[in-house]
Amino acid sequence: GWEGRSSCGLCGVQRLQDAMRPLPAVQTRHIFAPEAIQRALTETGASQQLGRETRATHAAAFAAPDGALWGIREDVGRHNALDKLGGALLRAGVDPGEGFIVVTSRCSFEMVEKTARFGAPMVVAISAATDLAIKRADLAGVTLVALARADGHTVFSHPERIGTHWVERPHV
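This structure is a prediction, so every number in the text was calculated from the model and none was measured.

*Asks:* Just give me the short version of the sheet that holds strand β2 (residues 69–75), but keep the residues and values in it.
*Replies:* What the 6 strands build is an open sheet, ordered β2-β1-β3-β4-β5-β6; its pairing is mixed. Of all strands in the sheet, those with a lone pairing partner are β2 and β6 (152–157), marking the two edges. Recorded for the sheet is a direction-independent mean angle of 20° between the axes of neighbouring strands. Both strand β4 (residues 122–125) and strand β5 (residues 143–149) contribute to a ladder of 3 bridges, which runs parallel. Following the sheet pairing, M122 is matched in β5 by T143. The strands touched by helix α4 (residues 78–92) are β1 (58–63), β2 and β3 (100–103); relative to β2, the strand with the most contacts, the crossing angle is about 140°. Helix α6 (residues 131–140) contacts β5 and β6 of the sheet and is inclined by roughly 65° relative to β6.

*Asks:* Before we move on, could you go through the pairing of β6 and cite the residues and values that matter?
*Replies:* As judged from the 4 bridges shared by β5 and β6, these two strands associate in the antiparallel manner. From the neighbouring strand, R149 faces β6, where its bridge partner is G152. Here β5 hands over to β6 after 2 residues, the two strands then running antiparallel side by side.

*Asks:* Can you break down the packing of aromatic side chains residue by residue, with the values?
*Replies:* All chains considered together, the criterion is met by 1 aromatic pair. A ring pair is formed by F32 and F100, whose centres lie 5.2 Å apart and whose planes are at 70°; its orientation type is edge-to-face. Residue F32 is found in the loop between α1 (16–19) and α2 (34–47), and its partner F100 is found in strand β3; the two are separated by 68 residues along the sequence. Of the two residues, F32 and F100, neither departs from the other in class, the shared state being buried.

*Asks:* How would you explain the side chain of T104 if you had to name every residue and give the values?
*Replies:* Tracing the backbone through its elements, the reader meets T104 in the loop between β3 and α5 (109–118). Assessed through its relative accessible area of 12%, T104 is described here as buried. Of the polar contacts made by the side chain of T104, one reaches the backbone nitrogen of A59; its length is 2.7 Å. Setting aside its immediate chain neighbours within four residues, T104 contacts T44, Q48, H58, A59 and I126.

*Asks:* Before we move on, can you summarise the environment of D75 with the specific residues and values?
*Replies:* Along the chain, D75 falls in strand β2. A relative accessible area of 14% means that D75 is categorised as buried. Taking the C-alpha atoms as reference points, D75 and H58, separated by 17 residues in sequence, lie 5.5 Å from one another. The residues contacting D75, other than those within four sequence positions of it, are T57, H58, N80, A81 and K84. Among the polar contacts made by the side chain of D75, one reaches the main-chain amide nitrogen of G77 at a distance of 2.9 Å.

Reading the values: rules and limits
- Residues numbered from 1 in each chain as written.
- Predicted model: local features only at pLDDT ≥ 70, side-chain atom pairs only at ≥ 80, totals over all residues.
- Heavy atoms only, no water.
- Pairing = 2+ DSSP bridges.
- Helix = DSSP H or I, 4+ residues; strand = E, 2+ residues; numbered from the N terminus.
- Axes fitted to C-alpha atoms, helices over the stretch in contact; angles between N-to-C directions.
- Contact = heavy atoms within 4.5 Å.
- Phe/Tyr/Trp six-rings, centres within 6.5 Å; stacked < 30°, edge-to-face > 60°.
- Buried < 20%, exposed > 50% of the residue type's maximum accessible area, 1.4 Å probe, protein only.
- Polar contact = N/O pair within 3.5 Å; in protein donor to acceptor, adjacent residues only side chain to side chain.

Right under this line is the structure:
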């Protein structure tokens, strides 16, 4: 039979190396502006209906390159929320390579690996990233942005995908 897991996948694994499967190399033509990340964070927060009602769920959202949300899925488990989002993208025929993922949780290596397997070039997490998540993101070509809040964010891997918005200032 077929077995599917939505958790971290480490249960029963004796050695960490046994859980580390090869990852696809994620490619994209998109450069994401910091403003797009902020827009996606704002829209994710505003779209968390179940989270507002229960104050006990995580969300995973998919954003277009400009940060506009395509969709969001919520669950008490952060892995489940991301799995639900991946399924929704697949069912709708949305190419994850055309945008980025936002998660309302910490970013573990499993979240990075799921992002890479979906083919999304970037994952943005509102909380911290683990050391192993950063290493796996670097290896898979995934831009990992964490500690993403209204006052800014930190880019931990593949910063070349984050563009800058230049404002021309008059000379004084």
